[in-house]
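Listed below, chain by chain, are the residues.
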Amino acid sequence: MTVKLAIAPKYKKTMKIPDLLLDSMLSCTTMPCTNELTRLKAVYQFQGLDALPNRALDDLTALAADLCQTPMALVSFIGADRQLVKSKVGITLTEIRRDFAFCNYTIRQSDVFVIPDTLADPCFATNPFVINAPNIRFYAGVPLVITGGCVLGTLCVMDIEPRDLSQKQRKGLQTLSHQVIAQLELKRNTTKLRQMIPEIKQLKQQLIIQELVGQQDSILFNLANQIRNSLDLDTILQTAVNEIHTLLQVDRCDFVWCLPNKDRFKFMVTHEATNPEIQMALGELSLGPGSVLAETILNLDMLRIEDVSTTSEALTPEDSVLLHELAVTSMLLLPLRTHSGQLGAIICHHCRGSRQWSDSEVRLLKAVTDQVAIALDQAELLAQTRATAFAAQTQATYLGNALSQLQQTQMQLIQQEKMSSLGQLVAGVAHEINNPVNFINGNITYATNYVRDLLELLDLYQATYPNGTDAIQEKIESIDLDFLMQDLPNLLSSMQMGGERIRQIVLSLRNFSRLDEAEMKPVDIHEGIENTLLILKSRLKLTSAKFEIQVIKAYENLPPVDCYAGQLNQVFMNLLGNAIDALDETPNPIVTIQTELISKEKSGSSDLSQPSHADSVVIRIRDNGSGMTETTQQKLFNPFFTTKPIGKGTGLGLSISYQIVVEKHRGILKCSSELGKGSEFLIQIPVEPLVKNT
């Protein structure tokens, strides 16, 4: 039986309201109850005003009517001023004024709300839906409570005859209400999931792009290492094609040389990486006169073919035949030229249909060709050196030594340029500060004498004229003359001490720079260490772990040492700077500096060796950091070797320090370290030079 229910004027379908706007709307409502505001917000969030049909809810509603043996049942939400039917049995879809709705009472209950006979209940006897169609005489409803305690609406059953529900029916109605909530939660989560799908797809695409960029950075980094650490042409080129083949997932990657051959050129594939099922293309390529592939390489143009079959008319017949023999369906070609004029190309082949080459793939391949061109230039230089060595072994040895010296000079120039800039800056600042400081120091002496004379004159006046005028007496009291006469000399003395301190600091900076000492001179080693510590003072204060580095000094009496003072200060700067870096994450960091004079008689010490039959000084710089492995210690003085992160170390400091100590001063520089126990660097140089270096 279907009963047509009287309805209030129909409302327009409402749209989903954003949370911020919803909060604003609900805060302006006349509803006095804060819990009611929270409930209404939950109704909107569950799209309670969206009256779209729901098959699962319809089934649950029908099951409720069947369980309670009633002709009518419905699932509805209670809004601010109306009841919206979400699912129904025995009635038509409708919206009901909230003040007429039986469900308005149900949402305030915690259990099944039952009205056995509406005419017998004063609250409902005059309800329009009781005295008029559909003449409801029986009502039973259960609130729909979501997690958190908010009530969205009701599940209810109705009849036109008075009756009651059994305990089993009441329990069943409650169980069905839980299923209704589960369906609503499922619908809401499904809606959220659908809304998130585009975002997930976008995020996935971003991750793919980021992964590709990371892979591109990786291949460029690997190639840069190959170029820097190896001058072997075959290794570099094979690495290039292997990495490109893997990263771009092409079927074949070739490196092609363009070689002059009388009045024409021939093109040779010298290095290749292919899939196992793809035939190899190593050897000479048959490119006839006017070949598009050949002209592209000779003109240093890029060639990007997404589908060979659709661009065959733009190729020469020889090109088409060659690509067909190699089973190429799509290709990407980027040429390169070395400084000596040699031409080559990297060609990526796709053999399984068309392929769209992205701009990022093109940019990657362009970056790789640039790196390969650098490698070829270096390899050519090495090949020329080897050819010269093959022709004349002596000349080759000389060139090898010259090349090694050139590399060392290049490293030294980089580091010395920094030290020179620092020295010039220090000397300039010291000079600029020194002039006003000298002026201040000189004038303070005169000012002190003047003040002393004035104070003596004032004493004479006070003795001669003890009774001054009222104005004078008032001024004496206002300026506290007795305190002024006592404190003014102290103030001038403090100023003189401050000026002297500035002068000492300026002197230390000038001594550290040593710009005017290009030759060996007798130097106080301790002064050089102290000047270096002064420069590094700010770095000794706090590490990144918020610990202050403690510097322990154990100095012996040392004689002046003939050395290159500026270069030796550079060694102290490198070793102390490395010690500070090693203590960055160490709790209670300590740097210990120890000096010692080794005479001829003490040369048999276990950890010291005499470079000659002469006295020498030993400087030990020790830290309590994490230490180093044996492998790291073996590479420590190699050029460009560094354990620091990229951008924080050049790998030149210890190499240059080794040259300064060992080659310039005929001394010894070595390191002893153990994991977890810190590191110690030992510098040993003769007091008097063995051989004068010029």
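A brief report on the enclosed structure follows. (Residues numbered from 1 in each chain as written. Predicted model: local features only at pLDDT ≥ 70, side-chain atom pairs only at ≥ 80, totals over all residues. Heavy atoms only, no water.)

**Some remarks on the packing of aromatic side chains**
Point 1. Scanning all chains against the criterion turns up seven aromatic pairs.
Point 2. Note on Phe102 and Tyr139: the rings are 5.3 Å apart at their centroids and 20° apart in plane angle, and the pair reads as stacked. Linking Phe102 in the loop between strand S3 (95-97) and helix H4 (103-106) with Tyr139 in strand S5 (residues 138-145), this pair joins segments that are 37 residues apart in sequence.
Point 3. Judged by relative accessible area, Phe102 falls into the buried class, the value being 5%. (Phe/Tyr/Trp six-rings, centres within 6.5 Å; stacked < 30°, edge-to-face > 60°. Helix = DSSP H or I, 4+ residues; strand = E, 2+ residues; numbered from the N terminus. Buried < 20%, exposed > 50% of the residue type's maximum accessible area, 1.4 Å probe, protein only.)

**Regarding the sheet that holds strand S2 (residues 82-89)**
What holds strands together in a sheet is hydrogen bonding between their backbones, with the strands either parallel or antiparallel.
Point 1. With antiparallel pairing, the six strands of this open sheet are ordered in space as S3-S2-S1-S6-S5-S4. If you trace the sheet from one side to the other, it starts and ends with S3 and strand S4 (113-115), each paired once. Neighbouring strand axes in the sheet, compared pairwise and without regard to direction, differ in orientation by 25° on average.
Point 2. Alignment of strand S1 (residues 72-78) against strand S6 (residues 151-159), held across six bridges, turns out to be antiparallel. Each residue of the ladder has a partner; that of Ala73, found in S6, is Val157.
Point 3. Of the strands in this sheet, S1, S2 and S6 are in contact with helix H3 (residues 55-68), which crosses S2 at around 75°. (Pairing = 2+ DSSP bridges. Axes fitted to C-alpha atoms, helices over the stretch in contact; angles between N-to-C directions. Contact = heavy atoms within 4.5 Å.)

**Regarding the side chain of His526**
Point 1. Tracing the chain through its elements places His526 in helix H14 (residues 525-535).
Point 2. Residue classification places His526 among the buried residues on the basis of a relative accessible area of 16%.
Point 3. With near-sequence residues (within four places) excluded, His526 lies in contact with Tyr555, Glu556, Leu558 and Thr595.

**Describing the pattern of salt bridges**
Point 1. Under the defined criterion, the tally for this structure stands at 20 salt bridges.
Point 2. With a shortest N-O distance of 3.1 Å, Arg39 and Glu36 are connected by a salt bridge. Residue Arg39 and its partner Glu36 are located together in helix H2 (residues 34-45), separated by three residues, close to a single helical turn.
Point 3. Owing to a relative accessible area of 6%, Arg39 belongs among the buried residues under this scheme.
Point 4. Classification of Glu36 by relative accessible area gives buried; the value is 11%.
Point 5. We note a salt bridge from Asp370 to Lys366, for which the minimum N-O separation is 3.0 Å. In this pair, Asp370 and Lys366 both sit in helix H10 (residues 359-391), four residues apart, roughly one turn of the helix.
Point 6. In the salt-bridge network here, residues are joined through shared partners; they are Glu596, Arg620, Arg622 and Glu680. (Salt bridge = Lys/Arg side-chain N within 4 Å of Asp/Glu carboxyl O.)

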